[in-house]
Amino acid sequence: MPFDRRSPWWAIVGEPEPAARRGFSIHAARLRREQDMIGRLRALQSPLALARPSHEQIVLLITIALLIAFGLMLNGFATLNNLLDLMRSISILGILGIGMGLVVIGRGIDLSEVAIMAASWSIALIEMQRGMPAGWACSIALALALTTGVVNGIIVACADVPALFVTLATGFSVYGLTLGFAPAYVVYAPKDLPTLLFLGAGRVAGVPMPIFVFAGCAIVMHLFLSRTSIGRFIYAQGDNPEATRLSGIAIRSLIVIEHMLVGLLAWIAGLVWIGTTGSMQMVITQGTLIVDVVLVVVIGGISLVGGRGGMFSVVVGCVLIGTLLNAFTIMDINNEVQNIIKGIVLLVAIVLDNWLHPRDEETARQGDL
């Protein structure tokens, strides 16, 4: 149309798009350029680099080799009962590892998970001893676990404080508050409640129930991460938080959901723990259990950079650590030497993760946790 000073400006230059649509278009164009660049770089990689095995494949091969070696060298290792005991012993660690793996995929961490498990169930068991019905006590434990997870998520998301420090402080706070409410390091479960103990002490077709609980949690979490939009958003958040935020995804809500699910899995792990041991020990919050949880996540292949790995990584990491610990028990190796070996394994896993998933400029700018 001919230029006319009296014409409205949008009739001359065209009506602008909404700000959100314009920002998304800019971001989409940027993503297309980045994907084109990544494709060109991959095309230039050598055949050796393209054939490099994944972290999970390396750990799986090592685990199979150790199982074969220990089965040939150690008497009683390759028996069915010992293998079932091995899987049962890593079930609680695996359930906790599923929660930790979820939050690490989203480029976070939760060091309060063991404290949430111990504190919520210690309070529940004390209330049972005081006469509260088991159903109400279990509900209180669940509410406490979920509330603590939500508090962690809100502080991390809204106060913009690193999850490492928030969850570490939360773990100490929960530990102190629980001991103030119930000054007992060991709280025993009532023996007249078989349903409460079934998930930890029961068996189905000769297989311990903790194995089924661990497998069920892993399958459900795998489906959640791979088949739901929230799960895909969590991977996107871990891979590139800034791009995820620019695309319109609510990062803060995702962080709260991640930590809430950690609280839920801590509650499930505590229920299995009570059935297995018949009690809950607050002292485990001061031990190396949380280090073991981080160990199985990292060694399994979930990258501390975020956005990589899955529940298969947690399962593989648990089986490897369980194999080592079971062999150490048969060989009667003391705890100090076991801790040294676990520390070395963790260090090797971190170095391997850095080699397989090198930090790029964007990752270095944003930080790991």
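Residue positions are given per chain, counted from 1 along the sequence in the order it is written. Reporting in this predicted model follows two pLDDT cut-offs: at least 70 for local features of residues, and 80 or more for side-chain atom pairs to be given and counted; totals over whole chains, interfaces and linings ignore these cut-offs and use all residues. With hydrogens and water stripped out, all remaining heavy atoms of the structure feed into the side-chain values.

**Focus: the pattern of salt bridges**
What counts as a salt bridge is simple: a side-chain nitrogen of Lys or Arg found within 4 Å of a carboxyl oxygen of Asp or Glu. For the coordinates displayed, the defined rule picks out four salt bridges. A salt bridge links arginine 88 to aspartate 85, with the nearest nitrogen and oxygen atoms 3.9 Å apart. Residue arginine 88 and its partner aspartate 85 are both found in helix H5 (residues 80-89); the two are separated by three residues, about one turn of the helix. Exposure categories follow from relative accessible area, calculated using a 1.4 Å probe and restricted to protein chains: below 20% of the type maximum is buried, above 50% is exposed, and the middle band is partly exposed. Taking the relative accessible area as the measure of exposure, arginine 88 reaches 29% and is therefore partly exposed. Between glutamate 242 and arginine 245 there is a salt bridge whose closest N-O contact spans 3.1 Å. Taken together, the residues glutamate 242 and arginine 245, both in helix H13 (residues 241-246) and three residues apart, mark about one turn of the helix. Put simply, DSSP marks the helices as runs of H or I at least four residues long and the strands as runs of E at least two long, and each gets a number from the N terminus on.

**Remarks on the packing of aromatic side chains**
Note on aromatic pairs: the rings of Phe, Tyr and Trp (six-membered ring only in Trp) are paired at centre separations within 6.5 Å, and the planes decide the class, stacked below 30 degrees, edge-to-face beyond 60, tilted for the rest. Taken as a whole, this structure holds two aromatic pairs when the rule is applied. On the basis of an interplanar angle of 65 degrees and a centroid distance of 5.7 Å, the ring pair of phenylalanine 70 and phenylalanine 77 is categorised as edge-to-face. Owing to a relative accessible area of 1%, phenylalanine 77 belongs among the buried residues under this scheme. With centroids separated by 5.6 Å and ring planes inclined at 25 degrees, the aromatic side chains of tryptophan 121 and tryptophan 267 adopt a geometry described as stacked. A residue pair is termed long-range when its members are at least 10 positions apart, and tryptophan 121 in helix H7 (residues 113-129) and tryptophan 267 in helix H14 (residues 251-277) qualify at 146 residues.

**Quick word on H14**
For a helix, the expected span equals 1.5 Å multiplied by the number of residues minus one. Under the 1.5 Å per step criterion, the end-to-end length of H14 is 39 Å for 27 residues, consistent within 8% with the ideal 39 Å. Within two residues after H14, glycine 278 carries a phi angle of roughly 80 degrees, on the positive side.

**A word on the nonpolar core**
Residue types Ala, Val, Leu, Ile, Met, Phe, Trp, Tyr and Cys, when buried and joined through side-chain atoms within 4.5 Å, form a set referred to as a nonpolar core. Among the nonpolar cores identified, the biggest contains 91 residues, and Ile95, Ile98, Met100, Met117, Trp121 and Met280 are the most heavily contacted of them. At 14 residues, the largest contribution of residues to this core is made by H14. Contact between two residues is taken to exist if any of their heavy atoms lie within 4.5 Å; hydrogens are not considered. Discounting residues that sit within four places of it in the chain, isoleucine 98 has contacts with Phe214, Cys217, Ala218, Met221, Leu265, Met311 and Val314.

**Section: the environment of leucine 193**
Here leucine 193 is to be found in the loop between strand S1 (186-188) and helix H10 (194-201). Classification of leucine 193 as partly exposed rests on a relative accessible area of 22%. Sequence separation of leucine 193 and alanine 134 is 59 residues, and the distance between their C-alpha atoms is 8.2 Å. In this structure leucine 193 touches Met128 and Ala134, once residues within four positions along its chain are discounted.

**Side note on the packing of H10 against H14**
Axes here mean lines fitted to C-alpha atoms, for a helix over just the part in contact, with angles spanning 0 to 180 degrees between N-to-C directions. Between H10 and H14, the least distance of the axes is 6 Å, while the angle of their chain directions is 95 degrees. What the angle tells us is that H10 and H14 run roughly perpendicular. Counting all contacts with H10, which are made through Leu196, Leu197, Leu199, Gly200 and Ala201, the residues of H14 involved are Leu271, Val272, Ile274, Gly275 and Thr276. Residues were grouped as follows: Ala, Val, Leu, Ile, Met, Phe, Trp, Tyr, Cys and Pro as nonpolar; Asp, Glu, Lys and Arg as charged; and all remaining residues, including Gly, as polar. Among the residues making up the contact of H10 with H14, the classes are represented as seven nonpolar, three polar and no charged. Roughly parallel means an angle under 35 degrees; roughly antiparallel means over 145; roughly perpendicular covers 65 to 115; every other angle is labelled oblique.

**Examining helix H12 (residues 229-239)**
Those residues of H12 that sit buried are Gly231, Ile234, Gln237 and Gly238. Considered in projection along H12, the buried side chains sweep an arc of 115 degrees and stay on one side of the axis. Where the residues of H12 are buried, they touch helix H6 (91-105), helix H11 (209-227), H13 and H14. Directions from the helix axis toward the C-beta atoms define the arc.

**What to know about the side chain of aspartate 110**
By secondary structure assignment, the location of aspartate 110 is in the loop between H6 and H7. The sign given to each residue is positive for Lys and Arg and negative for Asp and Glu; His and the chain ends receive no count. Comment: no salt bridge for buried aspartate 110; closest opposite-charge side chain is arginine 107, at 17 Å. A distance of 2.6 Å separates a polar atom in the side chain of aspartate 110 from a polar atom in the side chain of serine 112. At a separation of 3.1 Å, a polar atom in the side chain of aspartate 110 contacts the side chain of histidine 259. Not counting residues up to four positions away in its chain, the partners in contact with aspartate 110 are Met100, Val103, Asn152, Thr167, His259, Val262 and Ile290. Within 3.5 Å is the distance limit for a polar contact, defined as a pair of N or O atoms, with the added protein rule that one can donate a hydrogen and the other accept it, and that residues adjacent in sequence qualify only through two side-chain atoms.

**Let's talk about the environment of aspartate 292**
By secondary structure assignment, the location of aspartate 292 is in helix H15 (residues 289-300). Measuring from C-alpha to C-alpha, the distance between aspartate 292 and lysine 342 comes to 8.1 Å, with 50 residues separating the pair along the chain. Leave out the neighbours within four places in its chain, and aspartate 292 touches Leu93 and Lys342.

**A short note on unusual backbone geometry**
Of note in this structure, aspartate 160 is not a glycine but carries a positive phi near 55 degrees. Counting through the fold element by element, aspartate 160 comes out in the loop between helix H8 (134-158) and helix H9 (163-181). Relative accessible area serves as the criterion here: at 68%, aspartate 160 is assigned to the exposed category.

**Details of the confidence of the model for the protein chain**
Confidence scores here are pLDDT values: one per residue, from the predictor, ranging 0 to 100. This prediction gives the protein chain a mean pLDDT of 82; 82% of its residues lie at or above 70. Residue range residues 1-17 is modelled with pLDDT below 50. Its contacts to residues more than four positions away, or to other chains, number ten contacts. The low-confidence segment residues 361-369, where pLDDT is below 50, has 20 contacts with residues more than four positions distant or belonging to other chains.

**Considerations on a nonpolar patch on the surface**
Taken together, Leu60, Ile64, Ile68, Leu72, Met73 and Phe312 make up a surface patch of nonpolar side chains, about 640 Å² in accessible area. Broken down by element, the nonpolar patch gets its largest block of residues, five residues, from helix H4 (residues 55-73). On the secondary structure map, leucine 72 appears in helix H4. Residues enter a patch when their relative accessible area is above 30% and they make no salt bridge; the linking distance is 9 Å between like charges and 5 Å between nonpolar side chains (Val, Leu, Ile, Met, Phe, Trp, Tyr). Using the Shrake-Rupley algorithm and a 1.4 Å probe, accessible areas are obtained, with residue cover drawn only from the displayed protein chains.

**Things to note about the side chain of serine 122**
As for its position among the elements, serine 122 is in helix H7. If near-sequence neighbours (up to four positions away) are discounted, serine 122 is found in contact with Thr178, Val187, Met280 and Met282.

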